[in-house]
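Examination of the molecular architecture
The residues making up each chain are set out below.
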Amino acid sequence: PFVIPEHLRGQLEEFEALCDISNSNHYQRLLDNNPDQTCESLYEYFSQILEKHGPMEMNNKLLVGEYEHFPEEARKIVEDEGGLKSFLLKSLHFVMVDNLICLRK
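As annotated in an unreviewed UniProt entry, the chain carries the name TTC3 ligase and is attributed to Pygoscelis papua.

See the structure below:
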């Protein structure tokens, strides 16, 4: 049988987390990392939503609904950064245009 080499298992876990973004265990894995890495992973998560659905208002049910399902620890990181809007706009991945959050290209 095929076995993942020990030195690649960390990369496999990261890959699986990206592929299984809707799994609540994904959020817990994010929290197990350092806060900067957690923020980048959350930015990536919201980037994927915007890539799939296009620009959205910050109060869009999809964005807010996903945020409300984050574990308390992840929401605390977002709130410590100033909230969802401030958290997203601190990233170079996003920009506000006409009250819509958009991905930078």
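Turning to helix α5 (residues 72–80), its buried residues number three or more, namely Ala74, Ile77 and Val78. Within α5, the buried residues cover an arc of 95° as seen down the axis, which keeps them to one side. Away from its buried face by more than 90 degrees, α5 exposes Glu72, Lys76 and Asp80. A positive backbone phi angle near 110° is found at Gly82, which sits one or two residues after α5.

Tracing the backbone through its elements, the reader meets Ser91 in the loop between α6 (84–89) and β1 (94–97). A distance of 3.0 Å separates a polar side-chain atom of Ser91 from the backbone nitrogen of His93.

Here the focus is the packing of aromatic side chains. Going through the model one piece at a time under the given rule, you end up with five aromatic pairs. Put simply, the rings of Tyr45, Phe46, Tyr67 and Phe70 touch in pairs and so form one group of aromatic residues.

This part takes up the environment of Tyr43. Its place among the elements puts Tyr43 in helix α3 (residues 35–53). Through-space distance from the C-alpha of Tyr43 to that of Phe94 is 8.7 Å; in sequence the pair is 51 residues apart. Beyond its immediate stretch of four places on either side in the chain, Tyr43 contacts Phe87, Leu88, Lys90, Ser91, His93 and Phe94.

What counts, and at which threshold
- Residues numbered from 1 in each chain as written.
- Predicted model: local features only at pLDDT ≥ 70, side-chain atom pairs only at ≥ 80, totals over all residues.
- Heavy atoms only, no water.
- Buried < 20%, exposed > 50% of the residue type's maximum accessible area, 1.4 Å probe, protein only.
- Helix = DSSP H or I, 4+ residues; strand = E, 2+ residues; numbered from the N terminus.
- Arc of directions from axis to C-beta.
- Polar contact = N/O pair within 3.5 Å; in protein donor to acceptor, adjacent residues only side chain to side chain.
- Phe/Tyr/Trp six-rings, centres within 6.5 Å; stacked < 30°, edge-to-face > 60°.
- Contact = heavy atoms within 4.5 Å.

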